[in-house]
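Structural features, examined
Each chain, written out:
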Amino acid sequence: MSNGQGSPQGEAAIPPFRQVLGHPGPLWMLFMAEFWERFAFYGIRWALVLYIVAQFHGGAASGQADANLTYGSYLALVYAAAILGGYVADKYLGHQRSILIGAVFMAAGLFLIAVPDPTVFKFGLATIVCGNGMFKPIISTLVGRLYATGDERRDSGFTIFYMGINSGAFLAPLLTGWLANTVFGSEGMPAYKFVFIASGVGMLISLVCFSLGRSQLQGIGAPAPEATGKHRVFVVMLGTLATIPLVYALLAVGGKPLQYVLSALFVILVFLLMTEAIREGKVARDRVIAMMIIFLFNILFWMFFEQAGSSFTFLADQIVNRDLGGFTFPTAWFQSVNSIAIIALAPVLAWVWVKMALRNVNPSIPRKFGLGLLFNGLAFLLLMFALSSLVRPRGRSPSGPWW
């Protein structure tokens, strides 16, 4: 049982949680809250660029550039917002209240983007960005705090939690695609607003799950005694409301101005980290330098990977032959492929790493990063071959969706 006994000096004691299936009970509450949050986040992923082109550009192919730019700007700001959201949760508000406020703003943003107006749509995206910054980086931190340092169940606990992430990401495109293309619309005229509404409902379910279950945490993630005042919640909500127009402005300008802003923020972050590391000594300095190198390649990986919601979506919708013996494979379902692959293959890879470790040939974490980048690049080479050799001029690929 996880408890405070044996905790290193300075580490907060772990409450005597009730154990469920060999893990602290709150893990399963966090699992469900994250499941529905990821359902909401990935439920709209396949539809955003297609909706922008259809709703705001009359379906013209010339609108794809604007759609890609808006989607890329939105995702960049989602990742950047985690820095500010994490700081507010750590230093001012507490983790539990941060998650609740983030869920409220995310749900509001998801309902806003269902309004068919370009200004309201971008304000909705800006609201989702601010809410996600308060929610996403915090809930994962709570999972780690359920286990004492050295608890051998910690890694498997995170594995369970990430299964929740991928389960939500797998189910969301299937359900929202079915609502848009079958229940309320058709393959030719999808009802995208029901994608956004369904995702908003999913976010409300996440809010309810965490709100009702957070008492199980027994104080983990609660604000410090000097920070319990409700006025702090009010201040953070006002601050978030004031930040939304700024995020909207960055979404509206997009492109190079946004790139300059985010690059400047990254340089400032690197400067702060390096200054602190140099102050701590040579070992800390070298570790931060190594971390920065990994940061660089991590950025490259996600640059390529996140095309799944933009250029890959247009590819699947307009070029790939999605006919499978009379059944048309929905565009939305391509977004579920990654998650089902993770669910199916992560245990296999975990087993492979264990077996390789027994032979003392398990690759280091940086080498595994390198392998990820290598296979990412090979996947793009495969797509280049398919697009250059298997696609008819001005037509669809004759080879089906497998490529």
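Residues numbered from 1 in each chain as written. Predicted model: local features only at pLDDT ≥ 70, side-chain atom pairs only at ≥ 80, totals over all residues. Heavy atoms only, no water.

Details of a nonpolar patch on the surface
A contiguous nonpolar patch, built from Leu 371, Leu 374, Phe 375, Leu 378, Leu 381 and Met 384 and spanning about 600 Å² of accessible area, is present on the exposed surface. Residue class for Phe 375 comes out exposed when judged on its relative accessible area of 55%. (Patch = residues over 30% accessible without salt bridge, like charges linked within 9 Å, V, L, I, M, F, W, Y side chains within 5 Å. Areas by Shrake-Rupley, 256 points an atom, 1.4 Å probe, with all protein chains shown as cover. Salt bridge = Lys/Arg side-chain N within 4 Å of Asp/Glu carboxyl O. Buried < 20%, exposed > 50% of the residue type's maximum accessible area, 1.4 Å probe, protein only.)

Focus on the packing of helix H4 (residues 95-112) against helix H8 (residues 230-253)
H8 packs onto H4 with a crossing angle of 40° between their chain directions and a minimal axis gap of 11 Å. Our classification of the angle between H4 and H8 gives oblique. Taken as a pair, H4 and H8 cross one another with a handedness that is right-handed. Residues Arg 97, Ile 101 and Phe 105 of H4 touch H8, and the partners they reach there are Arg 232, Val 233, Val 236, Met 237, Thr 240, Leu 241 and Ile 244. The residue inventory of the contact of H4 with H8, partitioned by class, reads seven nonpolar, one polar and two charged. (Axes fitted to C-alpha atoms, helices over the stretch in contact; angles between N-to-C directions. Helix = DSSP H or I, 4+ residues; strand = E, 2+ residues; numbered from the N terminus. Parallel < 35°, antiparallel > 145°, perpendicular 65-115°, else oblique. Left-handed = near helix turned anticlockwise from the far one by under 90°. Contact = heavy atoms within 4.5 Å. Nonpolar A, V, L, I, M, F, W, Y, C, P; charged D, E, K, R; others polar.)

Points about H8
Along an α-helix, residues three or four apart share an orientation, since each turn contains 3.6 residues. With 24 residues, H8 should cover 34 Å at 1.5 Å per step; its first-to-last C-alpha distance of 36 Å lies within 8% of that length. For H8, every residue scored as buried is listed here: Arg 232, Val 236, Thr 240, Ile 244, Val 247, Leu 250 and Leu 251. Its buried side turned inward, H8 meets helix H3 (64-93), H4, helix H5 (118-144) and helix H9 (255-280). (Expected span 1.5 Å × (residues − 1).)

Description of the side chain of Ser 199
Mapped onto the secondary structure, Ser 199 falls in helix H7 (residues 192-213). A relative accessible area of 0% means that Ser 199 is categorised as buried.

Topic: the pattern of salt bridges
All chains considered together, the criterion is met by seven salt bridges. Among the salt bridges present, the one from Arg 45 reaches Glu 306, with a minimum N-O distance of 2.9 Å. Taken together, the residues Arg 45 in the loop between helix H1 (26-43) and helix H2 (48-56) and Glu 306 in the loop between helix H10 (282-305) and helix H11 (311-318) connect sequence positions 261 residues apart. For Arg 285, the salt bridge is made with Asp 286, and the minimal N-O distance between the two is 2.9 Å. What you see here is one network of salt bridges that share partners, running through Lys 282, Arg 285 and Asp 286.

Looking at the packing of aromatic side chains
Under the definition given, this model contains 25 aromatic pairs. Ring geometry for Tyr 51 and Phe 196: centres 5.1 Å apart, planes at 85°, overall edge-to-face. Separated by 145 residues along the polypeptide, Tyr 51 in helix H2 and Phe 196 in helix H7 bring together distant segments of the chain. Classification of Tyr 51 by relative accessible area gives buried; the value is 4%. (Phe/Tyr/Trp six-rings, centres within 6.5 Å; stacked < 30°, edge-to-face > 60°.)

A short note on helix H13 (residues 365-389)
Here H13 spans 36 Å end to end across 25 residues, near enough to the 36 Å set by a 1.5 Å rise per residue. Buried within H13 we find Asn 376, Leu 383 and Ala 386. On its buried side, H13 packs onto H10 and H11.

A look at the packing of H1 against H7
Put simply, H1 and H7 touch, their axes get as near as 8 Å, and they point 165° apart. For the element pair H1 / H7, the angle class is roughly antiparallel. Considering how the two elements wind past one another, H1 and H7 form a crossing that is left-handed. Contact residues: Met 29, Leu 30, Met 32, Ala 33, Trp 36, Glu 37, Phe 39, Ala 40 and Gly 43 in H1; Val 195, Ala 198, Ser 199, Gly 202, Met 203, Ile 205, Ser 206, Cys 209, Phe 210 and Gly 213 in H7. In the contact of H1 with H7, the residues fall into 13 nonpolar, five polar and one charged.

Remarks on the side chain of Arg 97
Tracing the sequence through the fold places Arg 97 in helix H4. Each residue touching Arg 97, except ones within four places of it in the same chain, is listed here: Arg 214, Pro 223, Ala 227, Thr 228, Gly 229, Arg 232 and Val 233.

A few points about the environment of Trp 351
Relative to the helices and strands, Trp 351 resides in helix H12 (residues 334-358). A relative accessible area of 53% means that Trp 351 is categorised as exposed. Separated by 18 residues in sequence, Trp 351 and Phe 369 have C-alpha atoms that sit 18 Å apart.

In short, geometric facts, not functional conclusions.
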